[in-house]
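Take a look at the letters that make up each chain.
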Amino acid sequence: DIVESADHPLYLQMRLPSIREVRGRIVVLCDWADGMLGVRWAGPSMRIQDEYWQSTGSKKWHVIRRHLEDAEPSPDFLQVHFTSATHLPRKVPISIARSVNPKLADYLRLGPCHRFLGVVC
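1. Some words on the pattern of salt bridges
Here is step 1 of the chain: All chains considered together, the criterion is met by 4 salt bridges.
Here is step 2 of the chain: In this structure, the salt-bridge partner of Asp 106 is Arg 109, at a minimum N-O distance of 2.5 Å. With a gap of 3 residues between them, Asp 106 and Arg 109 both fall in helix H3 (residues 93-110), about one helical turn apart.
Here is step 3 of the chain: Judged by its relative accessible area of 56%, Arg 109 falls in the exposed class.

Next up, the structure:
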């Protein structure tokens, strides 16, 4: 069965895998087919920060930093932190990114080593 096969390049089971189980494979995050193919996006095993409607880069950075600092390793949850934001029509994503990205780069480069962050996108 393709879903159970460890030889298949796609991980299609509906539970969070360990790194050992999926090393070298693609983990499917599914928000279609009733979440029956892979880990359900935004399901009970995911913690997602996607507060994308922000009026300034400083406000978005505050949200990102708070969530990154609260992130803790857990075998039960996949944590995802989105760094993009918008506040149309005046603030498009690139203008917020110009403020957020240097702060994020400094945080990642100068912050504590071996700190758990989750997925930063």
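Once you've had a look at it, read on.
2. Considering the environment of Pro 17
Here is step 1 of the chain: Structurally, the position occupied by Pro 17 is in the loop between strand S1 (10-11) and helix H1 (19-22).
Here is step 2 of the chain: Considering only alpha carbons, one finds Pro 17 and Val 27, 10 residues apart in sequence, at a separation of 8.5 Å.
Here is step 3 of the chain: Here Pro 17 is in contact with Tyr 11, Val 22, Val 27 and Val 39, once residues within four sequence places are set aside.

Criteria and thresholds
Residues numbered from 1 in each chain as written. Predicted model: local features only at pLDDT ≥ 70, side-chain atom pairs only at ≥ 80, totals over all residues. Heavy atoms only, no water. Salt bridge = Lys/Arg side-chain N within 4 Å of Asp/Glu carboxyl O. Helix = DSSP H or I, 4+ residues; strand = E, 2+ residues; numbered from the N terminus. Buried < 20%, exposed > 50% of the residue type's maximum accessible area, 1.4 Å probe, protein only. Contact = heavy atoms within 4.5 Å.

In short, the description is geometric, and any link to function would need to be established separately.
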